[in-house]
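Below are the chains, spelled out letter by letter.
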Amino acid sequence: MDQTAFTIGFTIMSLASLAIYATGSKAPPARHHTLLHAAVPFIAATAYLAMAFGIGTLATPDGAATYLARYADWSVTTPILLASLVLTAFHERGRTGEVGGYLTAIIVLDVLMIATGLVSSLATAPVVKWVWYLWSCVAFVGVLYLLWGPLRALAAQRGAALSTAYRKNIAFLTVVWFLYPVVFLIGPEGLRIITDPASVWAILVMDVVAKVVYAFYAARNLDTALREHAPAA
Ligand code: RET
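Rules and cut-offs
Residues numbered from 1 in each chain as written. Predicted model: local features only at pLDDT ≥ 70, side-chain atom pairs only at ≥ 80, totals over all residues. Heavy atoms only, no water. Near = heavy atom within 4 Å. Polar contact = N/O pair within 3.5 Å; in protein donor to acceptor, adjacent residues only side chain to side chain. Areas by Shrake-Rupley, 256 points an atom, 1.4 Å probe, with all protein chains shown as cover. Helix = DSSP H or I, 4+ residues; strand = E, 2+ residues; numbered from the N terminus. Nonpolar A, V, L, I, M, F, W, Y, C, P; charged D, E, K, R; others polar. Buried < 20%, exposed > 50% of the residue type's maximum accessible area, 1.4 Å probe, protein only. Contact = heavy atoms within 4.5 Å. Axes fitted to C-alpha atoms, helices over the stretch in contact; angles between N-to-C directions. Parallel < 35°, antiparallel > 145°, perpendicular 65-115°, else oblique. Left-handed = near helix turned anticlockwise from the far one by under 90°. Phe/Tyr/Trp six-rings, centres within 6.5 Å; stacked < 30°, edge-to-face > 60°.

Enquirer: Explain the site of the ligand to me, using residue names and the numbers behind them.
Expert: In the region of the ligand, 17 residues are neighbours, and Trp74, Thr78, Ser136, Trp177 and Lys211 sit closest. At 3.0 Å from an oxygen atom of the ligand is found a side-chain nitrogen or oxygen belonging to Lys211. Relative to its unbound accessible surface of 540 Å², the ligand loses 100% to contact with the protein. Among the elements of the structure, α3 (68–90), α4 (96–122), α5 (126–148), α7 (160–186) and α8 (196–229) are those that each provide at least two residues to the shell around the ligand. Across the shell around the ligand, the residue classes tally to eleven nonpolar, four polar and two charged.

Right, dumping it as C-alpha cells:
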C-alpha cells in the first residue's frame, strides 16, 4: 500500500487536534467537549502513524489487508464521540445512575460493533465473514436506536435550543457513520468492487469528516445552544 494516504492522515489529524484544542471553548459548560473532541484526532494521528510504518497491517490469506491500528483507533474514538453526545442529551441534569447506564450501554454496543467488524475483516470463509458483518450491523442499529430514541427524548427535555443542537449533531454523525459499513462492504474486505488504496483514501476522507469537521460543527451547535440556554449566566 502506498504510504501517502497514511502520512497525510497523520499530518491532518495531529494539526487538527491542536486546532480543536486551541479554538475550542474554554468556558466550563462546553470545556469537557473541547477536550473530548481534541483527543479524538490525536488518537487517529497515532493510528495513522502506525499504519504509515506498516505496524499492525495484516495480509489475510484471501489477499486483502486488515489494518489493526484502524480498529484500535475506532474502538477508542467512537466511544468518545458518543460520550460527548450522551453528555449533551443530559446536559448538567442527569442522575449519575441514569447517565452511567446510557453511557455504558451505548459504548458496549459501539465497541462490539468495531470488534465484530474486525472479526469480519479477518474471516476468510464467506459465510463466517457475512455473519460477523451482520452482527456488527445489529450493534450499529443498537447505537443508532439509543441516539435517536431515548437519548433524543432526554435532550428534548433540556429545552428547545439544546434539543436542536443534539439533533443536528446526531444527524451529521448518522450520515457519516453510515458510510463506514458501505465502504467495508464494497472494499477489499467485502465484495471487492473498489481496491485497497481506494478504500484507504475513502476512509481517510470519512475519518477527517467524522472527527475533525464534526468537532467544529458540533462545537458550534453546542455553543449556540448554551448561549440561548443560560442568558443570565
Ligand atoms: C464496520 C464493518 C462491519 C459493519 C459496520 C461497521 C461500522 C463501522 C463504523 C465506524 C465508524 C468509525 C468512525 C471513526 C472515526 O471517528 C466495522 C466498518 C456497521 C460505524 C466514526
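Having seen the model, we can carry on.
Enquirer: So, the side chain of Asp73: which residues are in play, and what are the values?
Expert: Within the secondary structure layout, Asp73 lies in helix α3. Look at Asp73 and you get buried, because its relative accessible area is 3%. If sequence neighbours within four positions are ignored, Asp73 has contacts with Ile43, Ala44, Ala47 and Lys211.

Enquirer: Just give me the short version of the packing of α4 against α5, but keep the residues and values in it.
Expert: One can describe the packing of α4 onto α5 by two numbers: an axis separation of 8 Å at closest approach and a directional angle of 160 degrees. By the angle class used here, α4 and α5 are roughly antiparallel. The interaxial crossing formed by α4 with α5 has left-handed handedness. On α5, the residues that touch Tyr102, Ala105, Ile106, Leu109, Asp110, Leu112, Met113, Thr116, Gly117, Val119, Ser120 and Ser121 of α4 are Lys129, Trp132, Tyr133, Trp135, Ser136, Ala139, Phe140, Gly142, Val143, Leu146 and Leu147. In terms of residue class, the contact of α4 with α5 is made up of 15 nonpolar, six polar and two charged.

Enquirer: Describe the packing of aromatic side chains, and please don't skip the residues or the numbers.
Expert: One pair of aromatic rings is described through two measures. These are the centre distance and the angle between the planes. Under the criterion given, the structure shown has ten aromatic pairs. With a centroid separation of 5.1 Å and 90 degrees between ring planes, the pair formed by Trp74 and Tyr180 is classed as edge-to-face. With Trp74 in helix α3 and Tyr180 in helix α7, this pair connects stretches of sequence that are 106 residues apart. Among the residues examined, Trp74 registers a relative accessible area of 12% and is labelled buried. Here Tyr180 falls in the buried class, since its relative accessible area comes to 15%.

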